[in-house]
Amino acid sequence: MNEQTDIQLHFDVLSCRALVCCEGKDYVLPGAYPTREAAEAAAKKFAWEKLGAQKRRGRKPSDLAIWLR
């Protein structure tokens, strides 16, 4: 079964901080990220762990779709 989850990443270039919105909740990622791409990679890993995608076969963090804002 192919599940699609809406994951949004809000990256603030001034503070280099990232906010991830998924499953109706917002999470501020720890640390600062030098680029939007670094924040996206961290968001994918966070969502992968938070949503339990690692338990699904054949899935890895890079398989998740992230909407950049």
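Everything discussed here concerns the structure shown above.
Calculation rules
- Sequence order as written defines residue numbering, which begins from 1 separately in each chain.
- Selection of residues for local features in this predicted model requires a pLDDT of at least 70, selection of side-chain atom pairs for listing and counting requires 80 or more, and totals for whole chains, interfaces and linings are taken over all residues.
- With hydrogens and water excluded, all non-hydrogen atoms of the structure serve as input to the side-chain values.
- The way it works is that DSSP assigns letters per residue, a run of H or I at least four long becomes a helix, a run of E at least two long becomes a strand, and they are numbered from the N terminus.
- Any two residues having at least one pair of non-hydrogen atoms within 4.5 Å are treated as being in contact.
- Note on pairing: two strands pair once DSSP finds at least 2 bridges between them.
- For helices, the fitted axis covers only the stretch in contact; all axes are lines through C-alpha atoms, and the angles between them, taken along N-to-C directions, range from 0 to 180 degrees.
- One fewer than the residue count of a helix, multiplied by 1.5 Å, yields its expected span.
- To sort residues, take the accessible area from a 1.4 Å probe on protein chains only and compare it with the maximum for the residue type: under 20% means buried, over 50% means exposed, and anything in between is partly exposed.
- By convention in these notes, a salt bridge is any Lys or Arg side-chain nitrogen within 4 Å of a carboxyl oxygen on Asp or Glu.

**Things to note about the environment of Ile66**
No. 1: One can find Ile66 in the loop between helix H1 (36-50) and strand S4 (67-68).
No. 2: If we skip the residues at most four places from it in the chain, Ile66 touches Ile7, Leu9, Glu40, Ala43 and Lys44.

**A short note on the sheet that holds strand S3 (residues 25-28)**
No. 1: Pairing is mixed across the open sheet formed by four strands, whose spatial order is S3-S2-S1-S4. Two strands bound the open sheet, and with one partner strand each, they are S3 and S4.
No. 2: Examined bridge by bridge, strand S2 (residues 17-22) and S3 share four bridges and lie antiparallel to one another. Within S3, the position partnered with Leu19 by the bridge is Val28.
No. 3: Each of strand S1 (7-12), S2, S3 and S4 is contacted by H1, which is oriented at about 145° to S1, the strand it contacts most.

**Examining H1**
No. 1: Given a rise of 1.5 Å per residue, 15 residues ought to cover 21 Å, and the 20 Å separating the end C-alpha atoms of H1 matches this to within 8%.
No. 2: Listed in full, the buried residues belonging to H1 are Ala39, Glu40, Ala43, Lys44, Ala47 and Trp48.
No. 3: In the core, the buried residues of H1 are packed alongside S1, S2 and S4.

**So, the pattern of salt bridges**
Pairing is possible between side chains of opposite charge, provided their charged atoms come close.
No. 1: Within this structure, the stated rule accounts for two salt bridges.
No. 2: Note that Lys44 and Glu40 form a salt bridge whose closest N and O atoms lie 3.8 Å from each other. Pair noted here: Lys44 and Glu40 are both in helix H1, with a separation of four residues, about one helical turn. Of the two residues, Lys44 and Glu40, neither departs from the other in class, the shared state being buried.
No. 3: Note that Glu49 is salt-bridged to Lys45, the shortest N-O span being 4.0 Å. Taken together, the residues Glu49 and Lys45, both in helix H1 and four residues apart, mark about one turn of the helix.

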